[in-house]
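Descriptive structure summary
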Amino acid sequence: MLKIKSFMLGTLCSLATLGLSASEQSGHAIMEKMDRQQREISDGTMMRMQLSTCKFGHKNKQISCVDTPRVKVLESVSKQYGPQKKDSKGISIVLEPASERGIGMLTYNYDDTTKDTESWLYLSALGKVKRMASGNGEDSEPVSVFGSEFTTEDMESGNTDEYTYQILQAGPFGDRQVWVIEATPKPVRAAKTEYSKLLYWVDQERYTLLKAQTYDKRGKPFKQILFKDIEKINDYWLARDVTLINLQSQRLSNMKTESITMNVTVDDEFLTQRTLTDFAFREKTLEALRKNFQ
């Protein structure tokens, strides 16, 4: 018991020295634990997903599509890198509709704060790979994921040190107990994000997100993200249904995970531009990974 008390006292002294409140430290610890779980889920993982996007409206206080959703079926493969697995590489290929089959997107995300996310888009009809503008600052547009309301920034992990955190409250959210945590970008992040702050509803037991709310640079509500159908797969909690509601464009996108396989071996060469353009090379690897879907 004395050792525990000494450790706690030492920790509190260290926080005081760093100028961090207990709320900031515990908020960061919660977000880091949740982010670490997400990085572990993404390390050597293949998914088949359905991505749909539509214009939405309100009816009987419910949000629903007011036009026919644009639906795509994708397969994606991801892998984490670096000593703490905070760098990531991921590739996604469109399977349906037939008119877009083979369109692919390759994304590299770095823990190094001096590096922006890198993205490449392959347009199968043109047979060309296009480098997407990096960064999310005032001089560049965020990179949309296949024309949806999701952007590469929304899909990032491993950047928890680029924010300060405050636990705003703790209590029930539906039938779950959550922490509501506010994340504010530090200067290094503020220069390349389209958000001025974010709110997270974190499940206290499973350390998964149930809801997120982002605010634009003017402090106005921007995007709301809802996480549903949370299942335990390979000892990890995973939301198989994620809906992003863009309150400013009045459009929403939904991403459903239809199949998934985790802890598979992914060759580094597969996560390169060669996979975007070399159909035979791509299909050989994907076919082997598909056998593990659940």
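Read on for an overview of the structure. Predicted model, so just to flag it, every value in this text is computed and none were measured. (Residues numbered from 1 in each chain as written. Predicted model: local features only at pLDDT ≥ 70, side-chain atom pairs only at ≥ 80, totals over all residues. Heavy atoms only, no water.)

**Regarding the packing of aromatic side chains**
Going by this rule: Each Phe, Tyr or Trp ring (for Trp, its six-membered ring) is paired with any other whose centre lies within 6.5 Å, and the angle between the two planes then decides the class: stacked below 30 degrees, edge-to-face above 60, tilted in between. By the criteria applied, helices consist of DSSP H or I runs no shorter than four residues and strands consist of E runs no shorter than two, each listed in order from the N terminus. Per-residue accessibility, obtained with a 1.4 Å probe over protein chains only, is compared with the maximum for each type, and a residue is labelled buried under 20%, exposed over 50%, and partly exposed between these values.
Per the counting criterion, the structure on display carries six aromatic pairs. Ring geometry for tyrosine 108 and tryptophan 120: centres 5.1 Å apart, planes at 70°, overall edge-to-face. Of this pair, tyrosine 108 sits in strand S5 (residues 104-109) while tryptophan 120 sits in strand S6 (residues 118-123), and the two are twelve residues apart along the sequence. According to the relative accessible area criterion, tyrosine 108 is buried, its value standing at 12%. Measuring from ring centre to ring centre gives 6.3 Å for phenylalanine 270 and phenylalanine 281, while their planes differ by 45°; the resulting arrangement is tilted. Of the two residues, phenylalanine 270 sits in the loop between strand S14 (251-261) and helix H4 (273-277) while phenylalanine 281 sits in helix H5 (residues 279-290), which places them eleven residues apart along the sequence.

**Structural notes on the pattern of salt bridges**
Put simply, the test is: For this document, the term salt bridge refers to a Lys or Arg side-chain nitrogen within 4 Å of an Asp or Glu carboxyl oxygen.
Summed over the entire model, instances satisfying the criterion amount to 28 salt bridges. With its nearest N and O atoms 2.9 Å apart, the salt bridge here joins arginine 176 to glutamate 205. Placement of the pair is arginine 176 in strand S9 (residues 176-185) and glutamate 205 in the loop between strand S10 (197-203) and strand S11 (209-215), with a sequence separation of 29 residues. Residue glutamate 205 is classed as exposed on the basis of its relative accessible area of 62%. The partner of arginine 274 in a salt bridge is glutamate 269, with the nearest N and O atoms 2.7 Å apart. Glutamate 269 sits in the partly exposed class, given a relative accessible area of 38%. Three or more residues are tied together by salt bridges with common partners; here these are Glu32, Asp35, Arg39, Lys86 and Asp161.

**Here we look at the pairing of strand S7 (residues 128-132)**
Note the cut-off: In short, DSSP must find at least two bridges between two strands for them to pair.
Alignment of S6 against S7, held across five bridges, turns out to be antiparallel. Residue pairing across strands places leucine 121 opposite lysine 130, the latter belonging to S7. Hairpin connection between S6 and S7: a loop of four residues separates the two successive antiparallel strands, and glycine 127 in this loop has a positive phi of roughly 65°.

**A look at the environment of glutamate 258**
For glutamate 258, the position within the fold is in strand S14. Sequence-wise, glutamate 258 and glutamate 75 are 183 residues apart; in three dimensions their C-alpha atoms are separated by 9.9 Å.

**Remarks on the state of the cysteines**
Just so we agree on the cut-off: When the sulfur atoms of two cysteines come within 2.5 Å, that pair is taken as a disulfide.
Considering all chains together, one arrives at one disulfide under this definition. One disulfide bridge connects cysteine 54 with cysteine 65, the sulfur atoms lying 2.0 Å from each other. Negative torsions about the S-S bond denote left-handed disulfides, and the value of about -75° found for cysteine 54 with cysteine 65 makes this one left-handed. Taken together, the positions of cysteine 54 in strand S1 (residues 45-59) and cysteine 65 in strand S2 (residues 62-65) put the pair eleven residues apart, joining distant regions of the chain. Residue class for cysteine 54 comes out buried when judged on its relative accessible area of 1%.

**Structural notes on the nonpolar core**
What counts here: What we call a nonpolar core is a set of buried Ala, Val, Leu, Ile, Met, Phe, Trp, Tyr and Cys residues that are connected through their side-chain atoms within 4.5 Å.
Membership of the largest hydrophobic core comes to 47 residues, with the highest contact counts inside it found for Met31, Phe146, Phe150, Ile181, Tyr200, Val202 and Phe227. Met46, Tyr81, Phe270 and Phe281 belong to the second-largest nonpolar core, a separate cluster that totals 19 residues.

**As for the pairing of S9**
Most of S9 is tucked away, with eight of its ten residues classed as buried. The sheet contact formed by strand S8 (residues 163-173) and S9 spans ten bridges and is antiparallel. Bridging from a neighbouring strand, threonine 164 pairs with threonine 184 of S9.

**Brief notes about unusual backbone geometry**
Omega for the bond connecting glutamate 96 with proline 97 falls within 30 degrees of zero, at 5°, which places this linkage in the cis form. Mapped onto the secondary structure, proline 97 falls in the loop between strand S4 (87-96) and S5. Here the phi dihedral of tyrosine 207 falls at roughly 55°; this positive angle occurs in a residue that is not glycine. With respect to the secondary-structure elements, tyrosine 207 resides in the loop between S10 and S11.

Any functional reading would require information beyond the geometric quantities listed.
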